[in-house]
Every structure is written in C-alpha cells, then in structure tokens.
Number of protein chains: 2
Amino acid sequence: MLGLMQNGQLTLDKILDHASQWHGRVEIVSRSVEGPILRTDYAELNRRARRVSNALKALGVKSGDRVATLAWNSARHMEAWYGIMGIGAVCHTLNPRLFAEQLCYIINHAEDRIIFTDLTFLPILLEHRDKMPTVKQFIVMTDEGHMGAAGFPGALCYETLVAEQSDDCAWGGFDENTAAGLCYTSGTTGNPKGVLYSHRSNYLHTLATMGVDGLGVSARDTVLPIVPMFHANAWGLAFSCPAAGAKLVMPGQRLDGPSVYELIESEGVTFSAAVPTVWQMLLNHIRETGAKFSTLKRVVIGGSAAPEAVVRAFQDDYGVDVTHAWGMTEMSPCGTLGAPTADIAAMSSEDQVRFKVKQGRPLLGVEMRLTDDENRDLPHDGKTFGRIKVKGPTVVAEYFKGEGGQILDENGFFDTGDVATLDEHGFMQITDRAKDVIKSGGEWISSIEIENIAVGHPTAALCAVIGAVHPKWDERPVLLVKLKPGETASGEDYLGFLEGKIAKWWMPDDVVFVEDIPLGATGKIDKKLIRDRMKDYVLPTAKAAVA
Amino acid sequence: MLGLMQNGQLTLDKILDHASQWHGRVEIVSRSVEGPILRTDYAELNRRARRVSNALKALGVKSGDRVATLAWNSARHMEAWYGIMGIGAVCHTLNPRLFAEQLCYIINHAEDRIIFTDLTFLPILLEHRDKMPTVKQFIVMTDEGHMGAAGFPGALCYETLVAEQSDDCAWGGFDENTAAGLCYTSGTTGNPKGVLYSHRSNYLHTLATMGVDGLGVSARDTVLPIVPMFHANAWGLAFSCPAAGAKLVMPGQRLDGPSVYELIESEGVTFSAAVPTVWQMLLNHIRETGAKFSTLKRVVIGGSAAPEAVVRAFQDDYGVDVTHAWGMTEMSPCGTLGAPTADIAAMSSEDQVRFKVKQGRPLLGVEMRLTDDENRDLPHDGKTFGRIKVKGPTVVAEYFKGEGGQILDENGFFDTGDVATLDEHGFMQITDRAKDVIKSGGEWISSIEIENIAVGHPTAALCAVIGAVHPKWDERPVLLVKLKPGETASGEDYLGFLEGKIAKWWMPDDVVFVEDIPLGATGKIDKKLIRDRMKDYVLPTAKAAVA
C-alpha cells in the first residue's frame, strides 16, 4: 500500500524559489574579479538565473547537456548554477587548479557544450581552445566594459546575455533523479572520474547539512563560503544558504588572510567554511595585526585534517567555535561532522579538543562501516583502524560513463579509500589514505600520523612517509625529510624525536633527506609521485634481511 | 539524463538504525502508566521494536495491514511504531480523546487488524469490543504482572510477546512511497478523514524539521515531547529525536503542571513541545511554587495560537526561548516555525515579541500561498488576510479511501482551511478558520481576534464569535459570552470593552449571554455545535433591516 501524500519532486529550482519568496531581500555580496564589491539579493538572483536559462535555451542547450563553469565563488556563478540546473542541463564545475592537460581531458570527457568563465581563466582557455572540440561557446562572466580587454574571439558577454533575456522561464517539472551537477575527482590513480549528482542527491544533502549538528546554517547567519564552488559542491553551501535564507558573502579569487579578514569584518560574517591552509593564513594575519573577530561565531574545517593548533587558536584565542567535517566529491560531499554529543559536551574544554580534531559522526542518511581488507567489521574503539565504507542516497553509485567499472561492494557500500578509527562516541578520525597505509606483518601503520609528528621537528620543512618493500614484513616505513633552508640534521635526530611518540614497530626503518617533497593540485603531498621517484630505492633493513 | 547517485530509499527504519548505531546508549525515559519510571536506550529500543515486528508477523500481519495504537507517549509506543512501520504495515494512531463512537468509526474505516493499547484504555475498548469487527487482536502494553487486573479476555501481553520473539528481523527494502502511518483529522465537518503518511513524507519531514530554524533538535538535547504521538505524529519528534541522537523523556499520561515540571527537572530536559494549555498549566505551577527551570532552554508551542502572556512568561520570567509552530495532520504536521530572521533578531526584544506570537515562516519544501476566495494571490503586508494553501512532499494528496474527494486545486495546492496574514518578513499569523471567518459586505472579519479580546473582560469565562445571517451584509458578528460564576454584565459592557480595540465595522451586532460554550475533543471551541444551537437565532439588526 502506498501513502497518499503529494508527489513533490526534490528539484533544486525549488530551493532558490523558496529563498526568493521568503528571503527575497537577503543579500548575496560578491568580491568580483574585476575589483568592486557587487551586491544582489535572492529575488534578483532568481530572476537573473532564469535569464541565464533562457540564454542557454537560445544557444540550443537541452536537458542533459553538460554546461561547464570555470569560476570563483560569486553571485554570477550561483546564477549560472541555478540557470543550468533549472532546465535539466548538467552543471559541470571545472577546477582551475588542475593542470591544463587534465582540464582539457575532463572537458572532453564530459563533452561540455558551453563554458562559463571568469576573466581570470581566459588565458588558459585561449591557449588550449583547439583542444576542446565539443565546446561551442564561451561565456565570460563580466560586463561589456571588461570584454574588450578579454581578447577572446567569439566569446559572449554574460551581462549582455542576461540583459537581453526575459526572466520568465519555467524550471523543474522533471524527475528528481535527473542529473544536476558533474564534478571530477582529482584522481590520484588513473584519469579523473566524474561524479554525476542528481537533483535528489543534492536536495537531500542540503536538508541533511541544514541540521543543527550538520553545517547548521540559519536565517540569522551571514555565510562566507571560502571552499570553492568547483571543490565538491562548496560543501553544499550554494544550496543550504538560500534554503535557510542566510546572507552570502562570496570571496571571489582573493583567499589570502587580509582579504578574507576584511570581508568577514565588513560584511558581518558569522559562519565560514574552508580547508586548513586558508584558516592558517587567516590566523597568521590576525596574529600579526593584533586584530579580533567581531562577528564570526563558527567555522567549519574540512578537506584535510585540522591541526590542533588551528582548533585551539580559534577557540581559545578568538572565541570562535570549530566544527571539523569530512567528506568527498563522491559523497555530495559531507559525510561526517564533529558536532559534540551530550557526553562530549559535558567534558572539560581540554578533553573536548580530543574530539574537535576528529572528523566527527555521520549525518543521517550516511550509512558507514569500518572494515578490514576482508570486509569484516572492526571494533569502534578509537584505536583499530580500517577502511571507511559508505552507503546512502547522497553517495555515488558509479562514475560518469562507467569509468572505473563497478565501484560498490556486494552490499552497496562505496570504499572511500580513507583509513580511519571510530571511537565509542561514534567519532571518526582519518588516519591515512588506504593506498598510503603501510602494511607491516599484517598490521597497518598510518603514514600520516608519523608525518604529522615528524614535521614537528624544528629542522623540518616537510615530511612524508611511504612504505618500502621488505622481504619479511611486506612493507616497512621510510621517512622522507625536506629540511628548512639552512638547517642540518641526521636520521638519528629524527628517529630520536619520534621515539616514545609512536609504537616501536612503527619506527621508520630509514630516514632519507630530499631536496623536494612534491605537492598535488589540491596542496596535498603527492605520494604517487614520491613512490615513482623512489621506485629503485631499497631499504637497508631489506638488504640485511636478504643478505 | 539521470544522475549516478545511489538509490537509497527514504524508509523510516533507517532512522532508528542510525540512532541505534551512532547513539545506541542514549536514553529513552518513560513515565509508565503503571507508575514507575522506565529506562531504555536506542540500541535496546531498536532490538525490541524488531521483536514487535516478529510478533506481528507471527500474528499474520502483512505489508499494508493497518495496526493501531491507543497509547500515551512511551518507549513501548515508539517500539510499536517502528515495529509496525519497519515491515511495511501501517501504524494507525488512535486519539483517546475522541468520543467512543468516533473511535469505533475510524477503527472500522481503517479496518485495523490489531490494536496496541495502554492499560488506561481497556475499559473503553472492552465496552465497545463488539463494534470493532475487523480487530482480531488486542495487545496490552504492559507486563504479565499487570495483565490479570486488566480483565480483557483474549488480550495479549506486550512484554510476553516481546520476550518470546527474536530481535532478528529485516526491515525496509520497500519503496519509500509505501504507507507508514495513518492519522485521522478530528473533522469539524463530516466524518473524520484519514491522512496516510508515506515513509518518504515522514523522512523528509524529519530532515526538514531538524534544521536550525525548524525544531532544531541536536544530540545535546534532552527532549520532552508532551504533544502526544496520537496527535499529528507528535510533530515528528518520534523520528527527529532518534535521527539527531537526542535523549527522549516520555511523559505518559500525566501532563499536569507538577508532573511535567518534575520530569523536566529530574531528567534535565532542554527542549519540549506542547499546546498552549499545557504550558499554561506548567507556568501556573511554577508561579505558585516559586520554582525555576534549571535546564530548560527552549519550548515549541503549536496546536493553537500562543497567548502573548505565555510567550512573555517563558522569555522574561524564566529565560526560556519560545518558538511558535503551525501545522496540521495533513502536513505531517509542521508547516511554519517562528525562528527569527536576521532582521527580526536585530530588533529590540519588545519588538521581537510581535513576531514570537506569529506562527512563523514555511519550512523548505512547504510551498505556501495566501489567496482570496477566487484563488488570487494577496499581498504579504501583515494586514490582508486570506486562505492559506500549501503544496509539497509532506502535504496530503488525498484522504484515505478517497473520502472528501479531490482536495487539491488545479495547481496542486491543498486549502488548509486556515485564514491568516503574511507579513513582509514572511511570518504568517493565523486569524481564523475559513469556516468561522465572518463575511460582512465582501470583507472578512476574524472571529478569533474578537474572541481573544472579549475574553479579556474581567467577567468573562469563555467567549465565542459567530457570523449570523444579515439581509444586507450577508453576515454580521454575534458575541456569545459565558460569564464567570457569580458575575453579571450587560451587552453594553462588552461592546464598550471592545470599542477602540477593533475596527468599528467589526463590532458585534449583538451580545448573547449563554450558560455554556461547548468545546470539542481537542479543547477548541466547537463552533459547529454553537451554530447548530443558534440556528433559529435572528439578529436584531437583521429584523430592523427587513422591517
């Protein structure tokens, strides 16, 4: 027997319609790439997004067509999102931090028909124009005054297109499972793979993250999404902020400490979301200037593990509450959030920090398992680490065009590739990526944990730990150290520094000093490249074992 | 093109599984009808609910069968809910406040096969046993020790059934549109009509109400749902509390001031939800005893308009934040909530009270219109009042078995039967029920507004305003007054009291003193009965106009 409730489809146009009708005069403030601060509101953004839809229809865009954006966070970028998605086309967010060849690869793989771009990215598009045969049109997100300087033959001016069109456009009316967005994962192995979000998955993600223990945005918040819209859906804030009626402050391309601080203060930001490196830049800036936050109440940290020092600085020095989050492009992206349980909230603030640096507990709708390599459940004791597998309506089922083949196990779980512990409070803590974990004698060693301790040595600029082949133990850890300029140190110094801080059998078998530790496009250590460079390396202990 | 995200169905079993896995040791505390305080936790409640499922299957219950509950708020009642819904059967919540004949009518209309009941309701079931031919079995929610006294031949003991069964039972696995719950509206005209909730509608309602600006329950809350589970889904708290991992305190049948206060203090309640009359009883109690709230932070008021005095007492005298809510059985039930916007939050606390007594703004997913009788949109100016119409996946599409026929308009909107204003902040304020509004010369007069003012006269016990036929104006208001014992007053006294407080053309054409103003099953003034009693009444002004 089926229920007798209305068949309202969960399509994303309804989120902006809600914002427009009930929070129509709430502002979206953007720092434009052209320079000035631009202001609009949800009612106006809704009307302009409908003009974008009409412009796309006039250019021949049909339901299911991929339309890309290569842009910083701005109201125009949001208009493009809703304008594309509202008519059933697919909004493909391009990450400008990718190398040009990767960018061309994903544009071709997605078969993008149109690219919306900020002025910033015209040089790279112009240079590689002939490597994007599917792209019929470029739309530059600026006004006529800035088009001349753009020097991109045949490109259309966004503001002119918007001005020419009517804001009368019917949105939605299609199945909630219709594709809405496309985002490629950076792909540390093989080519980037596309995650094809549906209206339903983004809508459900929006509702789930709006919870008090989610991102918890309210109509009283002024939100600064520093996490880019091209980075895993901007953690859903381009949906949850209009859904809640929160004021939005879009930072454009300037994510340095002084620029971010200025926006926070001038616009009265109460809530912001970014990766740890951005927070470190911001904290350095206010430490140097002796400034304070007058409105900021709460920040979310995600993308990689938040250093304890960042958590403590926000909380103890500036009275800003910190919530750690974890997720991935394949999860829309939020999976866990660190809002305290009643038991944790009752602890001393010092004890709470132990949980603040963990990635938190799953949102409703995210089923999560901790397993060993044989898919057996592991204890939630805060010590045993294993693979994190997830399932639910906001989790990927397969990659675009079937790349990578079958990615779910027989129970429908997706292996996140993250290795973590789960404690008795349900809090997850990432210890490593599965491909980086070192398997020594059947036990796992966290490369990240050793790195994080080693980098605390006063002479260290960067540290990386990889597993090297060992005839007896399968793998043993090797510590690579890049020294700070002018510093000197021995392997003994580093081993001595680690002693007592990690288990004896975790101690690296070797310390190798290197000129350079390579970083990938997202600022993380590129272990794939390190392993390539170290492919001829042989452990001294391996030689001894063989000899 | 469809998205490539997982096809996770939104079924309610997943909510309790989530609670059980991530908040397994969080308590559900119940004041049992037998007397003692009983304690369990989400893990145990999950296991016992699965035992209930197995007991139902053993009794022959199949997917789609209706299984009723006639019970106060308790952990056992929750176990029954999840146990019924988990196997695709339909949980029909019976309202014990209905008259016996109405109760029998809806049991027969629903074709309930089994009734779970508290000891409290055995006498009425026993008396009317032969009028419920579809009911094959009664399950008394108590232990063997209390069964003997029950004296209900053939009834089964809940605790015995639970003890006999295994907790291994597969839940869910069906379409999210499967019926989950059935709740009849009190039906002021015609017979009660059933609203058949789906798993999807309840799940989406759960997510929507978990928002900061919804009911906003978190894992740090201890929630006392005073609103009964048989009253419009207990505003969804039996779903949103486990979803959030909140501790639950179930008050059973004792909803008087001292009992409620005792539970709040002994269990550390932070959040509670109830109708205004319950809050008035509680406030009277603490005023009389000089007590304070040591943990209560926030209450939600719904069901009918909250008197300003209640709002002020909570906020000013006891530091408890008040959120007004509006909804109805047909809306799962929450439609609007009064969380302030940024503009309102910036006002003085005195100005904010004007919005605190309004019913608030719509949740995401609730589309809302304010229209006149010709379905034309009316301005959101806080003055113009019209019909409130709603649409969305948590709103009824049709009543059970098609009762009442087609209930949506050509745009898919459901007429709530409420008359209200909407202001420029999106805040709704109910002014009347559509059938009670008085239509005078093409304009509408709010019967409730006049009643609320008139009842402030020192001699008034109760006041009611109805429309009486008038040859020129169609209808004119008549004020009915029931005096307090020993008081005397004239019609002139009351008209004088109203003067200056309402528009001149709203002034009642007559004041009638009555012995009794009848109340319905939910404690509201029964205007249908009043109109019946007054059917031979003729307005003095009507006589004059005719003469």
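Our subject is the structure listed above.
Residues numbered from 1 in each chain as written. Chains lettered and ligands numbered in written order. Predicted model: local features only at pLDDT ≥ 70, side-chain atom pairs only at ≥ 80, totals over all residues. Heavy atoms only, no water.

Enquirer: Explain the overall build of chain A to me, using residue names and the numbers behind them.
Expert: In terms of helices and strands, chain A carries 18 helices and 25 strands. Against the globule reference of 24 Å for 547 residues, chain A gives a C-alpha radius of gyration of 24 Å, in line with a compact fold. For chain A, the spread of C-alpha atoms along the three principal axes comes to 80 × 65 × 55 Å. A fraction of 66% describes how many contacts in chain A between residues 6 or more apart in sequence connect residues 24 or more apart. (Helix = DSSP H or I, 4+ residues; strand = E, 2+ residues; numbered from the N terminus. Rg over C-alpha atoms; globule rule 2.2 N^0.38 Å. Contact = heavy atoms within 4.5 Å.)

Enquirer: Go over the interface of chain A and chain B, please, and point to the residues and values.
Expert: Chain A puts 77 residues into the contact, and the matching count from chain B is 77 residues. Where chain A abuts chain B, roughly 5,600 Å² becomes buried across the two surfaces, and 62% of that area is made up of carbon and sulfur atoms. Along the contact surface separating chain A from chain B lie 4 salt bridges. A:Arg200 serves as the salt-bridge partner of B:Glu176, at 2.8 Å between the closest nitrogen and oxygen. Scanning the region where chain A abuts chain B turns up 36 residue pairs in polar contact (both at pLDDT 80 or more). (Buried area = accessible area lost by both parts, 1.4 Å probe. Salt bridge = Lys/Arg side-chain N within 4 Å of Asp/Glu carboxyl O. Polar contact = N/O pair within 3.5 Å; in protein donor to acceptor, adjacent residues only side chain to side chain.)

Enquirer: Can you explain helix H16 (residues 491–498) of chain A? Please cite residues and give values.
Expert: Residues and elements named next belong to chain A. The set of residues buried in H16 consists of Tyr494, Leu495 and Leu498. For H16, the angular spread of the buried residues around the axis is 100°, confining them to a single face. Close packing links the buried residues of H16 with helix H15 (447–454), strand S23 (460–470), strand S24 (474–483) and strand S25 (510–513). (Buried < 20%, exposed > 50% of the residue type's maximum accessible area, 1.4 Å probe, protein only. Arc of directions from axis to C-beta.)

Enquirer: Give me the nonpolar core: which residues, what numbers.
Expert: Counting residues in hydrophobic clusters, the biggest one holds 176 residues, and the most contacted among them are A:Phe116 and B:Phe116. Residues in contact with B:Phe116, not counting those within four places in the same chain, are B:Val52, B:Leu56, B:Val67, B:Ala68, B:Thr69, B:Leu70, B:Ala80, B:Ile84, B:Ile139, B:Met141 and B:Tyr158. Ranked by size, the runner-up nonpolar core spans 32 residues in total, among them B:Leu70, B:Leu122, B:Ala155 and B:Phe400. (Core = buried A, V, L, I, M, F, W, Y, C linked by side-chain atoms within 4.5 Å.)

Enquirer: Explain the sheet that holds strand S5 (residues 114–117) of chain B residue by residue, including any values.
Expert: All names here are of chain B. The mixed open sheet is built from 7 strands, whose spatial order is S7-S6-S5-S3-S4-S8-S9. Because the sheet does not close on itself, it has two edges, and the strands there are strand S7 (156–157) and strand S9 (194–198). Sheet topology places strand S3 (residues 66–70) next to S5; 4 bridges connect them, and they run parallel. Its bridge partner lying in S5, Leu70 is registered against Thr117. Across the face of the sheet, helix H4 (residues 100–110) comes into contact with S3, strand S4 (90–93), S5 and strand S8 (179–184) while running at roughly 150° to S8. (Pairing = 2+ DSSP bridges. Axes fitted to C-alpha atoms, helices over the stretch in contact; angles between N-to-C directions.)

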